[in-house]
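# Commentary on secondary and tertiary structure
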Amino acid sequence: MTTEPTLLSSLTENLELARKLRKLEIHFYPDRCRGVWQCYEVCPVGCWTPDYEKRVVIFQDAERCIACGACVLQCPEKAIELR
Ligand code: SF4
Ligand code: SF4
């Protein structure tokens, strides 16, 4: 008989994975940013904030980043690296 994962066991597993992934860090190159906001739109945890006047994003709350890589994949200017 197989054991169904519980909500708690799934959360624990995902948090462990997130912690492992978080050994990676975001490296942001604002000079390449054109302010197209894809990173802001795809980040599931709200690490990016648009500065509409300067037309550049601000990376903040790095602790929240779960290293999903979505912002890296979406940025058309290669302004974000995860390593
Ligand atoms: S890697 Fe994922 S969680 Fe981290 S800043 Fe990019 S989109 Fe947000
Ligand atoms: S996706 Fe890239 S170019 Fe667009 S706002 Fe984010 S960092 Fe800047």
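Structure: above.
An account of the accompanying structure is given in this report. (Residues numbered from 1 in each chain as written. Chains lettered and ligands numbered in written order. Predicted model: local features only at pLDDT ≥ 70, side-chain atom pairs only at ≥ 80, totals over all residues. Heavy atoms only, no water.)

A separate point is the site of ligand 2. Neighbouring residues of ligand 2: 14 residues in total, closest Cys-33, Val-36, Trp-37, Cys-39 and Cys-75. Residues that form the shell around ligand 2 fall into these classes: ten nonpolar, two polar and two charged. (Near = heavy atom within 4 Å. Nonpolar A, V, L, I, M, F, W, Y, C, P; charged D, E, K, R; others polar.)

Turning to the packing of aromatic side chains, a few remarks are in order. Enumeration according to the criterion identifies three aromatic pairs in this entry. Where Phe-28 meets Trp-48, the ring centres are 5.1 Å apart and the plane angle is 75°; that geometry is what we call edge-to-face. Here Phe-28, found in strand 1 (residues 26-28), pairs with Trp-48, found in strand 2 (residues 48-51); they are 20 residues apart in sequence, far enough to count as distant. Accessibility assignment for this pair places Phe-28 and Trp-48 in one class, buried. Between Trp-48 and Phe-59 the ring centres are 4.7 Å apart and the planes differ by 45°, which places this aromatic pair in the tilted class. One end of the pair, Trp-48, is in strand 2; the other, Phe-59, is in strand 3 (residues 56-59), and eleven residues separate them in sequence. Judged by relative accessible area, Trp-48 falls into the buried class, the value being 3%. (Phe/Tyr/Trp six-rings, centres within 6.5 Å; stacked < 30°, edge-to-face > 60°. Helix = DSSP H or I, 4+ residues; strand = E, 2+ residues; numbered from the N terminus. Buried < 20%, exposed > 50% of the residue type's maximum accessible area, 1.4 Å probe, protein only.)

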